Amino acid sequence: MGRRGGRPGGKFHGKKRKFPGNQAKTAEETDESENIPREMVNVQEIDVGITEYVGDAPGFTGIIKCKYSDFQVNEIDLEGNIVKLTDMSLPQCPNALPENTETDQQDSLLSLTTTENLNKLVTDENPDGFYEIDVTNLTKDERTKIHSSIREHFGSSLLSNTITKDEKKIIKCFKANKAKPERERHRWLWPHQYIYFVVHKTNLDTMRAATFLAYNMGIKPSAIAYAGTKDKRALTSQMFCIKRREPSKILEAARRTQNILVGNFSCRPDVLKLGQLRGNRFRIALREITVDRAVIEKSLESFREKGFINYYGLQRFGNSAVVPTYSIGKALLKGNWQEACELILKPRPGDLPIMQRVRECWWTTKDAQKALSLVNSKEKSIELDLLRGLAQHGANNYINALEQVPRNARLLYIHSYQSLIWNQVASRRFKMGMSPVQGDLILREEASEKLDDFDIIYDEPQDDDQELPQEKVQEESKFKNMVKKLTEEDVISGNYSIFDIVLPLPGHDITYPENICEKWYQELLAVDELSSEKLKQKVKTYSLGGTYRKLMAKPDNLSWRLMKYSSTRDLLIASDIDELKSKQFPEIATGEKTALVLDFCLPSCTYATMALREILKTDTSTAAQIKLNPKEDRVDRVPESAVKRSKI
């Protein structure tokens, strides 16, 4: 899960805002409590099975994410294009449909007179309340195209049925519901149903960005689709998709949403689905570099050739070692609903003052309503959702109270437990050597393209790190046949490498390796009084089928350069907004300090922080980074470009 604020049980939005996600504050306007130093007991890498390095090159120290702009992520779509915010203008609504499209063929079957009469029907200018189209001389396929064209242009405002009347075939059209809101009464003039747009966000994870945009448009978060999640403490650009919403409404909602800019609008016939991305491009500045160039080159060459272990990063497990997210997931998987609720609401070191008061109030009184009285009724967080559930359903009705927490937040807890087991097995398997062994698993060719989609749906990556835009119901044995077990002949053939091997995330519908790894899974689950069979529950939300994840990963298009700078205020990487504004960066910077600026691409379902860990050979935990980062540099500021939206 993301850093402070992106995890379940994350940052509480200050009481000065009417709703989390409204216009961003400047650093000077920020609630003082948000900047009070808080001693948090952080999760360490060793706690979650992250123990091994691939290369033997010496490491070096560097500060990760000193500023939001030091960590920039751009999605890579299925065609290999880098998603960037390059145009913030409002597109013109087309007056006519584009030529040479199926929609154009459909529309040709509707005369101008017919279209005008249908529009009158929508706007209540037709006194009869219906309109009939004579289709006696048309084929069934042509009639189907007319129905499709009506749905394309008028959505749910109109219904159409083919009937027989006086020995003629008639398509009868009528209003679906007079109570439809005003926005549904206007003809949809865009050539397709789905509006795609680029979202450029600052210090905001994908789930919260979608939630805030949805709130400001008056729609459910599930109405917003995206291909994958992105990190919180970063500048990130990715594609979003909404059905039948005018770009002007989306743009207005973004202007009222904290740290979000949108643009590059397009109209497409199909919805954007989870997993529909090739990967992500990362541009990362590591500050306070003190080693010689030769040390850096050796480390990066090793990284390029040998890759890194594809661990789930620390973001996956939350910030608090007192209540790591996998402990909540374990309670949910065991059906210990009360324990899960208590862990979510348990007081912990390093909490924001307001949430500390809320937690302590509930912990000592078990009075959800009393705890809620300490905050504004419109405030949003995982803890407050749970408290509202307890207040509504009763102090002891834990399972129904949990239903008030967004489904995806609950999924993140149980996926965190899966990730813990995976990391522990991955470390043990890596110690066996860098070559495939008999019984290892590889993806079958027909399943390899589907892995990223499955991994996101059932195991969302949080580094690079959600209510899900599209939910899928897991089918029995769906994943068991996705993999092949390597035989002795396969190993001897040399056709497979360590980069082909996948390890399963534990579940009831998964194939395990046919070697010592299978025993490790059984042992690790048994320690928590769980087993693969017990991961199938009556409550489907907490039932884990499992999936597969590549053991190793490699970067693509790796490049790097050293830069000089004077202070942490110096910007080292041009953002999408900087490029949009044609902001000039000096080709040769000056200063006493040195930064390493990396540029590389990773496939989806990998963590850039785990790649950096391999390069630096150092712990990536928050505690380790704070030791490197001087106290006066810890408070980051929202870039001006994220606050002043309308002047670009």
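Residues numbered from 1 in each chain as written. Predicted model: local features only at pLDDT ≥ 70, side-chain atom pairs only at ≥ 80, totals over all residues. Heavy atoms only, no water.

Visitor: Where do I start with the overall build of the protein chain in this structure?
Guide: Of the regular secondary structure elements, the protein chain holds 21 helices and 17 strands. Looking at the protein chain as a whole, 56% of its 648 residues are labelled buried. Carbon and sulfur atoms form 47% of the exposed surface of the protein chain, whose accessible area is close to 28500 Å². (Helix = DSSP H or I, 4+ residues; strand = E, 2+ residues; numbered from the N terminus. Buried < 20%, exposed > 50% of the residue type's maximum accessible area, 1.4 Å probe, protein only. Areas by Shrake-Rupley, 256 points an atom, 1.4 Å probe, with all protein chains shown as cover.)

Visitor: Explain the environment of threonine 86 to me, please; I cannot follow it from the model alone.
Guide: Looking at where threonine 86 falls in the secondary structure, it is placed in the loop between strand 1 (71-76) and helix 1 (102-108). Assessed through its relative accessible area of 47%, threonine 86 is described here as partly exposed. Once the C-alpha coordinates of threonine 86 and asparagine 264 are considered, the two residues, 178 residues apart in sequence, prove to be 6.6 Å apart.

Visitor: How should I be thinking about the environment of glycine 591 in this particular structure?
Guide: By secondary structure assignment, the location of glycine 591 is in the loop between helix 18 (576-580) and strand 17 (593-603). Each C-alpha atom, one on glycine 591 and one on methionine 563, is 8.9 Å from the other, the two residues being 28 residues apart in sequence. Residue contacts for glycine 591: discarding those within four places in its chain leaves Lys564, Tyr565 and Ser566. (Contact = heavy atoms within 4.5 Å.)

Visitor: In this structure, what is going on with the packing of helix 6 (residues 293-306) against helix 19 (residues 608-616)? I would like to understand it.
Guide: Angle between the axes and distance between the axes: these two values describe a pair of packed helices. It is the contact of helix 6 with helix 19, at a shortest axis distance of 8 Å, that shows an interaxial angle of 135 degrees. Taken together, the axes of helix 6 and helix 19 are oblique relative to one another. Relative to helix 19, helix 6 is oriented so that their crossing is right-handed. Contacts between helix 6 and helix 19 involve Ser299, Leu300 and Phe303 from the former and Ala611, Glu614 and Ile615 from the latter. Across the contact of helix 6 with helix 19, the residue classes tally to four nonpolar, one polar and one charged. (Axes fitted to C-alpha atoms, helices over the stretch in contact; angles between N-to-C directions. Parallel < 35°, antiparallel > 145°, perpendicular 65-115°, else oblique. Left-handed = near helix turned anticlockwise from the far one by under 90°. Nonpolar A, V, L, I, M, F, W, Y, C, P; charged D, E, K, R; others polar.)

Visitor: What am I meant to see in the packing of helix 9 (residues 353-365) against helix 11 (residues 382-393) here?
Guide: Relative to each other, helix 9 and helix 11 sit at 30 degrees, their axes nearing to 11 Å. Classified by the interaxial angle, the pair formed by helix 9 and helix 11 is roughly parallel. Judged by the twist between their axes, the crossing of helix 9 over helix 11 is left-handed. For the pair formed by helix 9 and helix 11, the contact residues are Met355, Val358, Arg359 and Trp362 on the first element and Glu383, Leu384, Leu387 and Leu390 on the second.

Visitor: It is not clear to me how the sheet that holds strand 3 (residues 158-165) should be interpreted in this structure. Could you clarify?
Guide: As a general point, the strands of a sheet are linked pairwise by backbone hydrogen bonds and lie either parallel or antiparallel. Reading across from one edge, 2-4-3 is the order of the three strands in this open sheet, with antiparallel pairing throughout. A single partner strand is all that each edge strand has here, and the edge strands are strand 2 (130-134) and strand 3. Between one strand axis and the next, the sheet turns by 25 degrees as a mean value, whatever way the strands run. In the sheet, strand 2 pairs with strand 4 (residues 168-175) via five bridges, with the strands oriented antiparallel. Residue pairing in the sheet places tyrosine 131 in a bridge with cysteine 173 of strand 4. Contacts from helix 2 (residues 112-122) reach strand 2, strand 3 and strand 4, with the element oriented near 160 degrees to strand 2. (Pairing = 2+ DSSP bridges.)

Visitor: What exactly am I supposed to notice about the packing of aromatic side chains here?
Guide: For any pair of aromatic rings, the description consists of the separation of the ring centres together with the inter-plane angle of the planes. One pass over the structure, following the stated rule, counts 13 aromatic pairs. Sitting over the ring of tyrosine 565, arginine 287 keeps its end group 4.9 Å from the ring centre. In this arrangement the basic side chain of arginine 549 is found over the ring face of tryptophan 422, its NZ or CZ atom lying 5.5 Å from the centre. (Phe/Tyr/Trp six-rings, centres within 6.5 Å; stacked < 30°, edge-to-face > 60°. Lys NZ or Arg CZ within 6 Å of the ring centre and 35° of its normal.)

Visitor: What's the story with unusual backbone geometry in this structure? I'm lost.
Guide: Positive phi values are uncommon outside glycine, yet asparagine 259 reaches one of about 60 degrees. Here asparagine 259 is to be found in the loop between helix 5 (247-255) and strand 8 (260-268).

Visitor: I tried to follow helix 6 on my own but got confused; where do I start?
Guide: The end-to-end C-alpha distance of helix 6 is 20 Å, a good match for the 20 Å that 14 residues give at a rise of 1.5 Å each. The complete set of buried residues in helix 6 reads Ile296, Ser299, Leu300, Ser302 and Phe303. Buried residues in helix 6, looked at end-on, bunch into an arc of 155 degrees, giving them a common side. For helix 6, the exposed residues set more than 90 degrees away from the buried face come down to Ala294 and Lys298. Looking at the buried side of helix 6, the elements it contacts are strand 10 (308-309), strand 16 (556-565), strand 17 and helix 19. (Expected span 1.5 Å × (residues − 1). Arc of directions from axis to C-beta.)

Visitor: How should I be thinking about the pairing of strand 3 in this particular structure?
Guide: Sheet faces and side chains relate simply in a regular strand, where the side chains alternate between the two faces. In this sheet, strand 4 lies alongside strand 3 in antiparallel orientation, the contact comprising eight bridges. In the strand pairing of strand 4, asparagine 161 is matched with lysine 172. Here strand 3 folds back onto strand 4, and the loop between the two strands holds two residues, one of which, aspartate 166, carries a positive phi near 55 degrees.

Visitor: Just checking my understanding: could you explain the nonpolar core for this structure?
Guide: Nonpolar side chains in soluble globular proteins generally cluster together in the buried interior. One finds Leu286, Leu332 and Leu387 to be the most contacted residues of the largest nonpolar core, which totals 100 residues. In terms of residue count, the dominant contributor to this core is helix 13 (residues 407-431) (11 residues). Setting aside residues no more than four positions away along its own chain, leucine 387 makes contact with Leu345, Val358, Trp362, Ala368, Ala371 and Leu372. Membership of the second largest hydrophobic core comes to 25 residues, among which are Ala210, Leu213, Ile242 and Phe265. (Core = buried A, V, L, I, M, F, W, Y, C linked by side-chain atoms within 4.5 Å.)

Visitor: What exactly am I supposed to notice about the pattern of salt bridges here?
Guide: Oppositely charged side chains may form a pair once their charged atoms are brought near each other. Within the structure shown, the criterion is met by 27 salt bridges. A salt bridge links glutamate 403 to arginine 410; its shortest N-O distance comes to 3.3 Å. Residue arginine 410 is classed as buried on the basis of its relative accessible area of 5%. Each of the salt bridges in this network shares a partner with another, and the network as a whole consists of Lys84, Arg283, Asp576 and Glu579. (Salt bridge = Lys/Arg side-chain N within 4 Å of Asp/Glu carboxyl O.)

Visitor: What should I look at first to understand the sheet that holds strand 13 (residues 501-505) in this one?
Guide: Taken in spatial order, the four strands make up an open sheet running 12-11-13-14, and their pairing is antiparallel. Each of the sheet's edge strands pairs with one partner strand only, and the pair in question is strand 12 (483-485) and strand 14 (547-550). When strand polarity is set aside, the average angle formed by the axes of neighbouring strands in this sheet is 50 degrees. In terms of strand pairing, strand 11 (residues 441-443) meets strand 12 through three bridges, oriented antiparallel. Residue pairing across strands places leucine 443 opposite valine 483, the latter belonging to strand 12. Across the face of the sheet, helix 13 comes into contact with strand 13 and strand 14 while running at roughly 145 degrees to strand 13.

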